Amino acid sequence: MTTELRLRRDLAAPPDRVWRALTDPAALAAWFWPMRLAPTAEVDPEAGGRYRIASPPAGMAVSGRFVELEAPRRLVCTWGWEGEDTQTLVTVELAPAGDGTRLDLVHEGFTGERARDDHVQGWTHCLDRLPGWLAAHRD
């Protein structure tokens, strides 16, 4: 049984802008979940620092700690849904690709295929919103 997921995206933005989208609280809140869910984000982007992404109207939040940060190349963090005991690990690697960035995401440590498949769907939806944010925020 495969208890990890792997996703890749080629993004039309340099690695430093993609890094900002992943580590700046306002940026992360703007693209991670749909705006109708009124997401908020708290991010302390240093090894051992905490993060939390929440949607009060939807009653859901995910949080964890940064295990490793190598700006703007690699981010590793724990991942746990509030109210659940399970904790998994997310690794995001960014690499220059032409004028843009290749993003590779690995999320591992799921207890079963259903949990993994639910996260494939969730990450796919989140990452599908990222190019729009990057296009709108070129500063």
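Because the structure is a prediction, the values reported are computed rather than measured.

A. Examining the sheet that holds strand β7 (residues 100-108) more closely. Strand order in the open sheet formed by 7 strands is β1-β7-β6-β5-β4-β3-β2, and the pairing between neighbours is antiparallel. The strands lining the two open edges of the sheet, one partner per strand, are β1 (4-11) and β2 (40-43). Each strand axis lies, on average, 20° off the axis of its neighbour in the sheet, ignoring direction. In this sheet, β7 lies alongside strand β6 (residues 88-97) in antiparallel orientation, the contact comprising 9 bridges. Note that in β7 the partner of E93 across the bridge is D104. Helix-sheet contacts for helix α1 (residues 15-23) involve β1, β2, β4 (60-70), β5 (74-81), β6 and β7, and the interaxial angle to β6 is about 160°.

B. Summary view of the packing of α1 against helix α3 (residues 113-136). Axis separation between α1 and α3 bottoms out at 11 Å; the angle between their running directions is 115°. Between α1 and α3 the crossing geometry is right-handed. Contacts between α1 and α3 pair R17, V18, R20 and A21 from the former with L130, W133, L134 and A135 from the latter. Along the lines of polarity and charge, the residues of the contact of α1 with α3 split into 6 nonpolar, no polar and 2 charged.

C. Expanded view of the layout of surface pockets. The space that makes up the largest pocket amounts to roughly 260 Å³. Every element with two or more residues in the lining of the largest pocket is listed here: β5 and α3. Top contributing element to the lining of the largest pocket by residue count: α3, with 8 residues. Grouping the amino acids of the lining of the largest pocket by side-chain chemistry returns 9 nonpolar, 4 polar and 2 charged.

Reading the values: the criteria
Residues numbered from 1 in each chain as written. Predicted model: local features only at pLDDT ≥ 70, side-chain atom pairs only at ≥ 80, totals over all residues. Heavy atoms only, no water. Pairing = 2+ DSSP bridges. Helix = DSSP H or I, 4+ residues; strand = E, 2+ residues; numbered from the N terminus. Axes fitted to C-alpha atoms, helices over the stretch in contact; angles between N-to-C directions. Contact = heavy atoms within 4.5 Å. Left-handed = near helix turned anticlockwise from the far one by under 90°. Nonpolar A, V, L, I, M, F, W, Y, C, P; charged D, E, K, R; others polar. 1 Å grid on protein atoms, 1.4 Å probe; cavity = no way out; pocket = protein on both sides within 12 Å on 5 of 7 lines; lining within 4 Å. Points joined across faces, edges and corners; volume = space filled by probe spheres on them.

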